[in-house]
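An overview of the molecular structure
Residue strings, one per chain:
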Amino acid sequence: MSVLEIKDLHVSVETDQGTKQILRGVNLTINEGEIHAIMGPNGSGKSTLAYTIAGHPKYHVDSGSILLDGAEVLTMTVDERARAGLFLAMQYPVEIPGVTVTNFLRTAKTAIDGEAPAIRTWIKDVRESMAKLRMDKSFAERNVNEGFSGGEKKRNEILQLELLKPKFAVLDETDSGLDVDALKIVSEGVNRAKENTGLGLLLITHYTRILRYIKPDFVHVFVDGRIAEQGGPELADRLEDEGYDRFLAETPVG
Amino acid sequence: MSAASTSTAPTSSPTSSEALPTAEQHGIKEHSDGRFGFVPVQTRSARFKSFDVADFPAVTGREAVWKLSPVAKFTDLTGGVLDGSAYDIDTASHADVDVSWVDRTDSRIGTAGAPEERAAANAWSAFEKALAITVSGEEAKEITLTRANLGSAPRAAHTIIEARPFSQAVVILQNTGDARISENVEIIVGESANLTVVTVQEWNADAVQLANHFATIGRDARLKHVVVSLGGGIVRVNPSVHLAGQGSDTELFGLYFADAGQHLEQQVYVNHDAPNSRSRVTYKGALQGAGARTVWIGDVLIGRTAPGTDSYEQNRNLVLTEGTRADSIPNLEIETGDILGAGHASATGRFDDEQLFYLQSRGIGEIEARRLVVRGFLSEIVQHIGSKPLEERLQGAIEDELRGTEGN
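Residues numbered from 1 in each chain as written. Chains lettered and ligands numbered in written order. Predicted model: local features only at pLDDT ≥ 70, side-chain atom pairs only at ≥ 80, totals over all residues. Heavy atoms only, no water.

**Side note on the overall build of chain B**
From N to C terminus, chain B includes six helices and 18 strands. Taking all 408 residues of chain B together, the buried fraction comes to 57%. Within the structure as shown, chain B displays about 15,600 Å² of accessible surface, and the carbon and sulfur contribution to it stands at 49%. (Helix = DSSP H or I, 4+ residues; strand = E, 2+ residues; numbered from the N terminus. Buried < 20%, exposed > 50% of the residue type's maximum accessible area, 1.4 Å probe, protein only. Areas by Shrake-Rupley, 256 points an atom, 1.4 Å probe, with all protein chains shown as cover.)

Structural data, given as structure tokens:
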């Protein structure tokens, strides 16, 4: 049974105004098969947590630890983290000129598995996943994210989630910018991936509406770089009614 | 592609000759190619031409054809005495492809085009014998001519490639070793012939090559022209194609990969001069390393004589590191309204850290990530060459280019 542990994580970024501390001691343990929702107001550090787990060079870890089955993730390169079983579905996936979706998926799958996938089953898997995400076949030959709409980019992220089969996935505001139909399709994809592989999920969101389709086991409220409150799904319902004001009022401005 | 622009870095402040109308007088809007309101007084086909070097004034670097080239680095080729003797050619013989050295009096010489600048005229004035490659026979065939021993003294060369009517061939010009050369290549495509000319530049690092290719295409004939520039210090290959016959067709491809300190340039000109002619121009380049420099100028002229023209030109550059410069200047002149289509496009985009992060976050290592992007970007051109062995070899050569800079 896999476990992802985040221990007393402090993270800062360099800005024009100098070093800015963003995460101030995050503690979180996610077991395989669990869905954790992280909710919080803008600027609370939710996305920083996501990108720090993935290893984006912009974020500087001042102290703390991220352990995947006991192994220190923070000393791994970005690609080593992915090969160890971590996945980040990005809020704004970038375009990769000159690289088709087909080529990209096969290269990533080969890198993560350490060997090329068997061609026949792989092509079938890709086709089936694309069909379930209502992605037209023509996507396969388009360059990664080039000219994709916001919804298409998010579906392409979930396509990768399904095919690369990570142990833990962080979904960074995957719901933002999606209409209700696209939100349902994307949520189905996430639920399908969990059903098939039993992965653990860290669902980062500003709104509660994605939690109607992906049911969290735990909800954490993120305020000012740390977890201010945690509970079960009922906490999300309460946030839906009350918003974040209650937490913000307790936080000093700045 | 993130950015779409026609030029990445303007060069000089406005310099307009008194003899020329200003942009205001002319009423046109200036393009972003750095000419800053310079209005050409002539159409592309009206440029001065001469076979005699003495007809051209000394090169200053301000001329339209030279303004983006490091002219100070090859004054011997634009103004000096050139060795015009024959040189070693390595090729396998083929029954339907005659390769021989011919005299300056050969009737084909001067039929495909004439020099528009001094280096080309200097070479034309200096060559003693022309290398003539004459293709006949309707079945498909491929021939490779390799030049590997041109040496480092300045020299001139003249080549004729003629595809007789209804003939078909792929002619590959392979260039390696040292060179300081100015040369002209005349390509004559007879009625209904189907010719592919591929010129591959894999020179040594300090080689200088200034090449002009002049092609004339007959009725219902087809020319595919591919320029692949990977090695050499300064490599300038300028193809100029005259679509002279009704229904003539040309596809011009280019692939270039500039490393630190390399200058790779191509000025492409397509002259639609007959009804129902078609052209496609696609040049793609990658730049990597400090001082890597590429220039692409694409001129397309659709004349009054060319109703029913179908034309499209595009240039794409992929910038892999800081400190490079890609100039990309598409020009389109249309003199008739009766055309099927005419378009041009240019984009210069970066491979940046966010793209690297994205690919790495999917398990792909940094080196593989760069390779994936460049290979994908350039393979569109490689796939069009039409010679499987050469395509495979060039894929390998591109990998070597990437590997070469990994060590930097």
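**As for the pattern of salt bridges**
Residue and element names in this part refer to chain B. Evaluation of the coordinates by the stated rule reveals 42 salt bridges over all chains. Between R393 and E202 there is a salt bridge, with its nearest N and O atoms 2.9 Å apart. Of this pair, R393 sits in helix α6 (residues 388–406) while E202 sits in strand β8 (residues 194–203), and the two are 191 residues apart along the sequence. A salt bridge links D249 to R278; its shortest N-O distance comes to 3.1 Å. Highlighted residues: D249 in strand β12 (residues 249–258) and R278 in strand β14 (residues 278–287), separated in sequence by 29 residues. Accessibility expressed as a relative area gives 24% for R278, which makes it partly exposed. (Salt bridge = Lys/Arg side-chain N within 4 Å of Asp/Glu carboxyl O.)

**Notes on the packing of helix α4 (residues 353–360) of chain B against helix α5 (residues 366–382) of chain B**
All names here are of chain B. Two elements in contact, α4 and α5, have axes separated by 9 Å at closest approach and are oriented at 115°. On the basis of the axis angle, α4 is roughly perpendicular to α5. Handedness of the crossing formed by α4 with α5: right-handed. Residue-level inspection shows L356, L359 and Q360 of α4 in contact with α5, the latter providing E366, A369, L372 and V373. (Axes fitted to C-alpha atoms, helices over the stretch in contact; angles between N-to-C directions. Parallel < 35°, antiparallel > 145°, perpendicular 65-115°, else oblique. Left-handed = near helix turned anticlockwise from the far one by under 90°. Contact = heavy atoms within 4.5 Å.)

**Quick notes on the sheet that holds strand β4 (residues 142–147) of chain B**
Residue and element names in this part refer to chain B. In space, the nine strands of this open sheet follow the order β1-β4-β6-β8-β10-β12-β14-β16-β18, with mixed pairing throughout. This sheet does not close on itself; its edge strands, each paired only once, are β1 (90–91) and β18 (341–350). Sheet topology note: the β1/β4 ladder contains two bridges and is antiparallel. Of the residues in β4, the one forming a bridge with T91 is L145. (Pairing = 2+ DSSP bridges.)

**A short note on the UniProt feature "domain: SUF system FeS cluster assembly SufBD core" (unreviewed entry) in chain B**
According to UniProt, the feature "domain: SUF system FeS cluster assembly SufBD core" (unreviewed entry) maps to residues 155–377 of chain B in the numbering used here. End C-alpha to end C-alpha, residues 155–377 of chain B measures 35 Å, and it is 9% helix and 62% strand. (UniProt positions renumbered as here; feature names shortened; annotations may be inferred.)

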